[in-house]
Amino acid sequence: MSKRKNDLINRENEFIKLISEDFSKVERVHLPGPIYYDDSEILFERLVKHYKDGNKYLLSIKDRLLQCFDRKIEEDGKIVVDTDSTFVHCYK
């Protein structure tokens, strides 16, 4: 997961560098976007979809993950996943 996150950060940095050549000012605007899950199966499906490189491992521990998710949902009513994104504001 950290590899995927680092890849996304590097791609964003490369994009910012590229467009900075054409604009006098480029600002990153952080956009928080939490998603709330109250169903462990749906959360697990999201994990498998987003971390395809880890599918084999995720599937091998599916039952343990679902138990963990279910316990957390029972305690807190939901699981919050931060899906933050970046808006790039460009000025001529």
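It should be emphasised that the depicted structure is a prediction, and the values quoted were computed from it without experimental measurement.

Q: Break down the packing of helix α2 (residues 40-50) against helix α4 (residues 62-76) for me, with residues and values.
A: Two numbers describe how α2 lies on α4: the axes approach to 9 Å, and their chain directions differ by 130 degrees. As summarised for this structure, α2 and α4 are arranged oblique, according to the angle between their axes. Pair α2 / α4 crosses with right-handed handedness. For the pair α2 and α4, contact is made by S40, E41, L43, F44 and L47 and by K62, L65, L66, F69, D70 and I73, respectively. For the contact of α2 with α4, the class distribution of residues is seven nonpolar, one polar and three charged.

Q: Can you tell me about the pattern of salt bridges, naming the residues and giving the values?
A: One side chain can pair with another of opposite charge once the charged atoms of both are near each other. With the rule as written, the count across this model stands at four salt bridges. A salt bridge links K72 to D76, with the shortest nitrogen-to-oxygen separation between them at 2.7 Å. In this pair, K72 and D76 both sit in helix α4, four residues apart, roughly one turn of the helix. For K72, a relative accessible area of 39% puts it in the partly exposed group. We classify D76 as partly exposed; its relative accessible area is 44%.

Q: An account of the pairing of strand β3 (residues 79-82) is needed here, citing residue identities and associated values.
A: Of the two faces of β3, the one holding I79 and V81 is buried and the one holding V80 and D82 is not buried anywhere. In the sheet, strand β2 (residues 34-37) pairs with β3 via four bridges, with the strands oriented antiparallel. Each residue of the ladder has a partner; that of Y36, found in β3, is V80.

Definitions and cut-offs
- Residues numbered from 1 in each chain as written.
- Predicted model: local features only at pLDDT ≥ 70, side-chain atom pairs only at ≥ 80, totals over all residues.
- Heavy atoms only, no water.
- Axes fitted to C-alpha atoms, helices over the stretch in contact; angles between N-to-C directions.
- Helix = DSSP H or I, 4+ residues; strand = E, 2+ residues; numbered from the N terminus.
- Parallel < 35°, antiparallel > 145°, perpendicular 65-115°, else oblique.
- Left-handed = near helix turned anticlockwise from the far one by under 90°.
- Contact = heavy atoms within 4.5 Å.
- Nonpolar A, V, L, I, M, F, W, Y, C, P; charged D, E, K, R; others polar.
- Salt bridge = Lys/Arg side-chain N within 4 Å of Asp/Glu carboxyl O.
- Buried < 20%, exposed > 50% of the residue type's maximum accessible area, 1.4 Å probe, protein only.
- Pairing = 2+ DSSP bridges.

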